[in-house]
Amino acid sequence: MNIKEQIEALRTELREHNHNYYVLDNATISDYDFDMKLKELQALEAKHPEFYDATSPTLRVGGGITKNFDTIVHEHRMYSLDNSYSKEDLEDWEKRIQKILGDVAVEFTCELKYDGASISLTYEEGTLIKAVTRGDGFQGDDVTTNIKTIKSVPLQLKGDYPSKFDIRGEIVLPFDGFAKMNEERIANGEEPYMNPRNTASGSLKLQDSAAVAKRPLECLLYSLAGTKLGVETQFSVLEKARNWGFKVPTVAKLCKSVDEVLAFVEYWDIHRHDLPYETDGVVIKVNNLQYQEELGHTSKSPRWAMAYKFKAEQVSTVLNEISYQVGRTGAITPVANLQPVLLAGTTVKRASLHNADQIEKLDIRENDTVFVEKGGEIIPKIVGVAIEKRPETSVPTKYITHCPECHTELVRTAGDAKHYCTNFYGCPPQITGRIQHFISRKAMDIEGLGGETVELLFKEGLIKNYADLYTLTKEQVLPLERMAEKSAENLVNGVAASVAIPFERVLFALGIRFVGETVAKKLAKAYKNIDALMAASEEELVAVDEIGERIAQSVIEFFKNEKNIETIARLKEYKLQLELSADKLLNQTETLKGKTFVVSGVFEKVSRNELKKLIEDNGGKVGSSISSKTTFLVAGDKMGPSKRTKAETLNIDIISEDDFLAMV
Ligand code: AMP
Ligand code: ZN
């Protein structure tokens, strides 16, 4: 055997042992022998760098340092899941599905919902190319170097894998490994980690991959994204991925009805406590992948999947004090300051009380013993009061009448659950809140500037609104607390770089009430530039798809304000993107205006998503199910027969892919 063959043989052998041990839980070599062989390989590779291989088992020990994690745009978006909590929720979901798919038999794959950090792995020709965190679903951080140290992640696949695909899953820390890590930390006089989930996600962002390699992380995989995958059902995705070498959880069941799904949920609600990892529910997916495509996504989550949350954990504790926070829109949120208590692995000190009605409804008072629950949300909530423990001196909570920050009298308009401080331009937390929103990741994403610095800049009188950010100089910010030459430079550069952020995000960043990310996109698309938007009347705004009266009024209100007009004029002067870029405008027409399309089946020339994009780019609307409002049904191959029948009864034009392409 020559050196190259020797290296190859060692790699193959060690890969096999890794797979047996970490994926199949079945050791085929002693730890000692494994280490010896690994050392031998390391020595050979060190002597012969010409045979470097990015998939070598020696890379598992880490060593690579990541200073800054690059941001990577997901080729296929990573969605959230809708949540359900009852049989009724599931039945409603099934009805919605059947309405879209028509009269076909739908099967479900049930899996457990693992509570860790989501990850997307990209493989090309069987080799791991990239590992990216979920981030905001559109883009995440490149954590490839760290992920390569997790031994259950195959660096090289086996069998009949597709040539290019993404596979999604969860990085988890098993309970026993977590306990061991904490024992060590305590022995070293360090604070123990709070819970496996946060520790797992924190691990992915460690700069030293050798430190990651030491953590007993695992990677559980459960879904594929890509085209031409050659798989037809979610259940076979799981089987195939397992054959390619991935660690795929074995708990999964194919169910034919919601009742079978519920039986699975009930079983695992009890037995999940025997599993080595944390789980917080069941994920139910429509099994047929073609049906999944037909069902598509809402702006946040797939219509073909549903999480069923296990019942949340509950604890009781004393509510010490109710305080009030002022948000960027002036909305007041009452906050419960609690006697710290351990709940589902984290110490809880505060809980949101939502609004005055909520406090009144539950009759929540200071010094009450309250029940705190952690549901799907990150912020725990108070679900009840132990009345029998109420002190005799207790008095009902009187909601504040004036802003805790600027003492303006609060108002509450009919139909609004919240109280507001209307001193929009003089109330400090509103001013800083708006600037903080402006710089946030989904808005202007200004690097080198954080929420605390905004407060500091405001306190020092350097900024009064977000336009002021663009005139800040290094000399001005340098004297601030904890500001050094480099950080001052980063701040100013970060602000300058943000002028490249596209119009729809600038629009979102402005902080117009009710104009979230999705609405901002719609408005940007409909009006194309800020001047047109500012000139729009309420009637015109309401005519835009999905813009209701409430949003329209808020937009009008915003652009009527002298201060806002002035700020926008300044943003224009600083060269922010206040119109859609030329390449976004390109290929956009109004050809399909007023027409609603339903897309069904498999297409040849363009993918279903491209088809939908074409419809929207040309001013048309994509509907999810056939109704009297549908103008055309674009029928692809393998379209369900019930759809055709429905379209025929409603007299809706059925057109082919080619017919459609000819239209645009
Ligand atoms: P949520 O963050 O609550 O919207 O839930 C969505 C997340 O659940 C996904 O991003 C995944 O990381 C996670 N998840 C855990 N187990 C599964 C599973 N079996 N199938 C799909 N998603 C899962
Ligand atoms: Zn105020």
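Residues numbered from 1 in each chain as written. Chains lettered and ligands numbered in written order. Predicted model: local features only at pLDDT ≥ 70, side-chain atom pairs only at ≥ 80, totals over all residues. Heavy atoms only, no water.

### A short note on the nonpolar core
Line of reasoning, step 1. With 54 residues, the main nonpolar core has Phe438, Leu469, Tyr470 and Leu523 as its most contacted residues.
Line of reasoning, step 2. At the level of secondary structure, the elements contributing two or more residues to this core comprise α12 (428-439), α13 (451-459), α15 (485-497), α16 (503-509), α17 (517-527), α18 (530-535), α20 (549-560) and α21 (562-573).
Line of reasoning, step 3. Not counting chain neighbours up to four residues away, the residues in contact with tyrosine 470 comprise Phe438, Met444, Ile446, Val495, Ser498, Val499, Leu571, Tyr574 and Leu576.
Line of reasoning, step 4. By size, the runner-up hydrophobic cluster in this structure holds 35 residues, among which are Leu128, Leu157, Leu229 and Phe246. (Core = buried A, V, L, I, M, F, W, Y, C linked by side-chain atoms within 4.5 Å. Buried < 20%, exposed > 50% of the residue type's maximum accessible area, 1.4 Å probe, protein only. Helix = DSSP H or I, 4+ residues; strand = E, 2+ residues; numbered from the N terminus. Contact = heavy atoms within 4.5 Å.)

### Details of the packing of helix α1 (residues 3-23) against helix α2 (residues 31-47)
Line of reasoning, step 1. Across the interface, α1 lies against α2 with an axial gap of 10 Å and an inter-helix angle of 145°. Here α1 and α2 pass one another in a crossing that is left-handed. Counted together, Gln6, Ile7, Leu10, Arg11, Glu13, Leu14, His17 and Asn18 of α1 and Phe34, Lys37, Leu38, Glu40, Leu41, Leu44 and Glu45 of α2 form the full contact between these two elements. (Axes fitted to C-alpha atoms, helices over the stretch in contact; angles between N-to-C directions. Left-handed = near helix turned anticlockwise from the far one by under 90°.)

### Looking at the coordination of the zinc ion (ligand 2)
Line of reasoning, step 1. For the zinc ion (ligand 2), the protein coordination sphere consists of Cys403 (SG), Cys406 (SG), Cys421 (SG) and Cys427 (SG), at 2.2 to 2.3 Å.
Line of reasoning, step 2. Between the four donor atoms coordinating the zinc ion (ligand 2), the angles at the centre fall across 98 to 115°, so the site counts as tetrahedral. (Donors = N, O, S within 2.8 Å, 3.2 Å for Na, K, Ca; no water. Tetrahedral: all angles 85-135°; square planar, octahedral: opposite > 155°, others 65-115°.)

### Quick notes on α2
Turn by turn, an α-helix covers 3.6 residues, leaving residues three or four places apart pointing in a common direction.
Line of reasoning, step 1. Between its terminal C-alpha atoms α2 stretches 24 Å, which fits the 24 Å expected from 17 residues at 1.5 Å a residue.
Line of reasoning, step 2. If you check which residues of α2 are buried, you get Phe34, Leu38, Leu41, Leu44 and Glu45. When α2 is viewed along its axis, its buried side chains cluster within an angular range of 125° and face the same direction. Opposite the buried face of α2, by more than 90 degrees, sit the exposed residues Tyr32, Lys39, Ala46 and Lys47.
Line of reasoning, step 3. Those residues of α2 hidden inside the fold are in contact with α1. (Expected span 1.5 Å × (residues − 1). Arc of directions from axis to C-beta.)

### Observations regarding the confidence of the model for the protein
Line of reasoning, step 1. The predicted model of the protein averages 91 in pLDDT, with 99% of residues at 70 or higher.
Line of reasoning, step 2. Helix α22 (residues 582-585) is the least confidently modelled element of the protein, averaging 74 in pLDDT, while strand β3 (residues 108-114) averages 97, the highest of any element. (pLDDT = per-residue confidence, 0-100.)

### Topic: the sheet that holds strand β4 (residues 117-124)
Line of reasoning, step 1. On the basis of which strands lie adjacent, the open sheet formed by four strands has the order β5-β4-β7-β8 and antiparallel pairing. Looking at strand neighbours, the two that pair on one side only are β5 (127-133) and β8 (218-225), the edges of this open sheet. In this sheet, adjacent strand axes meet at a mean angle of 30° when their direction is disregarded.
Line of reasoning, step 2. As paired elements, β4 and strand β7 (residues 164-172) share eight bridges and run antiparallel to each other. Looking across to β7, one finds that serine 120 is bridged to arginine 168.
Line of reasoning, step 3. Helix α8 (residues 234-244) rests against β7 and β8 of the sheet, and its axis sits at about 130° to β8. (Pairing = 2+ DSSP bridges.)

### What to know about the site of ligand 1
Line of reasoning, step 1. By nearness alone, 13 residues border ligand 1, and Glu111, Ser118, Arg134, Glu170 and Lys285 come closest of all.
Line of reasoning, step 2. Tyrosine 114 is positioned with one of its backbone polar atoms (N or O) 3.0 Å from a nitrogen atom of ligand 1.
Line of reasoning, step 3. Contact between ligand 1 and lysine 285: a nitrogen atom at 2.9 Å from a side-chain N or O atom of the residue.
Line of reasoning, step 4. Counting only elements with at least two residues in the shell around ligand 1, the list comes to β3 and β10 (279-286).
Line of reasoning, step 5. Among the elements that take part in the shell around ligand 1, β3 stands out by supplying four residues, more than any other. (Near = heavy atom within 4 Å. Polar contact = N/O pair within 3.5 Å; in protein donor to acceptor, adjacent residues only side chain to side chain.)

### Considering the pairing of β4
Line of reasoning, step 1. In terms of burial, β4 is a largely internal element, seven of the eight residues being buried.
Line of reasoning, step 2. Where β4 meets β5, six bridges bridge the pair, whose relative direction is antiparallel. Counterpart to threonine 122 in the pairing with β5 is lysine 130.

### Observations concerning the environment of valine 61
Line of reasoning, step 1. One can find valine 61 in the loop between α2 and β1 (71-73).
Line of reasoning, step 2. Taking C-alpha positions, valine 61 is 54 Å from leucine 362, a pair spaced 301 residues apart along the chain.

### Examining empty space enclosed by the protein
Line of reasoning, step 1. A complete count under the given rule lists two cavities of 30 Å³ or more for this structure.
Line of reasoning, step 2. Lining the largest cavity, in full, are Asp115, Gly116, Val172, Leu173, Pro196, Arg197, Tyr277 and Glu278.
Line of reasoning, step 3. Split into classes, the residues belonging to the lining of the largest cavity amount to four nonpolar, one polar and three charged.
Line of reasoning, step 4. When its volume is computed, the second largest cavity comes out at roughly 30 Å³.
Line of reasoning, step 5. In terms of lining residues, the second largest cavity is bounded by Glu111, Leu112, Tyr114, Tyr222, Leu238, Pro249, Val251 and Ala252. (1 Å grid on protein atoms, 1.4 Å probe; cavity = no way out; pocket = protein on both sides within 12 Å on 5 of 7 lines; lining within 4 Å. Points joined across faces, edges and corners; volume = space filled by probe spheres on them. Nonpolar A, V, L, I, M, F, W, Y, C, P; charged D, E, K, R; others polar.)

### Quick notes on the packing of helix α3 (residues 87-101) against helix α9 (residues 258-271)
Line of reasoning, step 1. Interaxial distance between α3 and α9 falls to 10 Å at its minimum, and their mutual angle equals 140°. Comparing their axes, α9 and α3 come out oblique. For the element pair α3 and α9, the recorded crossing hand is right-handed. Contacts between α3 and α9 involve Lys87, Leu90, Glu91 and Glu94 from the former and Val258, Asp259, Val261 and Leu262 from the latter.
Line of reasoning, step 2. When grouped by side-chain class, the residues that make up the contact of α3 with α9 number four nonpolar, no polar and four charged. (Parallel < 35°, antiparallel > 145°, perpendicular 65-115°, else oblique.)

### Some points on helix α24 (residues 641-649)
Line of reasoning, step 1. Within α24, the full set of buried residues consists of Ser642, Lys643 and Ala647. Mapping the buried residues of α24 onto a view down its axis gives an arc of 135°, with all of them on the same face. Across α24 from its buried face, at more than 90 degrees, point the exposed residues Pro641 and Thr649.
Line of reasoning, step 2. Next to the buried residues of α24 lie α3, α10 (289-295), β19 (596-600), β21 (632-635) and β22 (653-655).
Line of reasoning, step 3. With its phi angle positive at about 65°, asparagine 651 sits one or two positions after the end of α24.

### Points about the side chain of arginine 434
Line of reasoning, step 1. In this structure, arginine 434 sits in helix α12.
Line of reasoning, step 2. Buried within the structure, arginine 434 lacks any salt-bridge partner; its nearest side chain of opposite charge belongs to aspartate 468, at an N-O separation of 11 Å.
Line of reasoning, step 3. Once residues lying within four places of it in the same chain are set aside, the contact partners of arginine 434 are Arg328, Phe424, Tyr425 and Tyr466. (Lys, Arg positive; Asp, Glu negative; His and termini not counted. Salt bridge = Lys/Arg side-chain N within 4 Å of Asp/Glu carboxyl O.)

### Points about the pattern of salt bridges
Line of reasoning, step 1. Counting across every chain of the model gives 34 salt bridges.
Line of reasoning, step 2. For the salt bridge of lysine 87 with aspartate 259, the shortest nitrogen-to-oxygen distance reads 3.6 Å. Placement of lysine 87 in helix α3 and of aspartate 259 in helix α9 is noted, with a sequence separation of 172 residues between them.
Line of reasoning, step 3. A residue is classified by how much of its surface remains accessible, and lysine 87, at 34% relative accessible area, is partly exposed.
Line of reasoning, step 4. Between lysine 474 and glutamate 489 there is a salt bridge, and its shortest N-O distance comes to 3.2 Å. Of this pair, lysine 474 sits in helix α14 (residues 474-477) while glutamate 489 sits in helix α15, placing them 15 residues apart in sequence.
Line of reasoning, step 5. When salt bridges with common partners are traced through the structure, they connect Glu8, Arg11, Arg15, Glu45 and Asp53 into a single cluster.

### Topic: the packing of aromatic side chains
Line of reasoning, step 1. Applying the stated rule across the entire model yields 16 aromatic pairs.
Line of reasoning, step 2. Geometrically, the ring pair formed by tyrosine 123 and phenylalanine 165 is stacked, given 5.7 Å between the ring centres and 15° between the ring planes. Linking tyrosine 123 in strand β4 with phenylalanine 165 in strand β7, this pair joins segments that are 42 residues apart in sequence. Exposure class is identical for tyrosine 123 and phenylalanine 165. Each is buried.
Line of reasoning, step 3. Measuring from centroid to centroid gives 5.5 Å for phenylalanine 597 and phenylalanine 660, while their planes differ by 85°, and the two rings are edge-to-face. Of the two residues, phenylalanine 597 is situated in strand β19 and phenylalanine 660 in helix α25 (residues 657-663); the sequence distance between them amounts to 63 residues.
Line of reasoning, step 4. Among the residues examined, phenylalanine 597 registers a relative accessible area of 0% and is labelled buried.
Line of reasoning, step 5. These aromatic residues form a ring-pair network of at least three members: Tyr123, Phe165, Trp244 and Phe246. (Phe/Tyr/Trp six-rings, centres within 6.5 Å; stacked < 30°, edge-to-face > 60°.)

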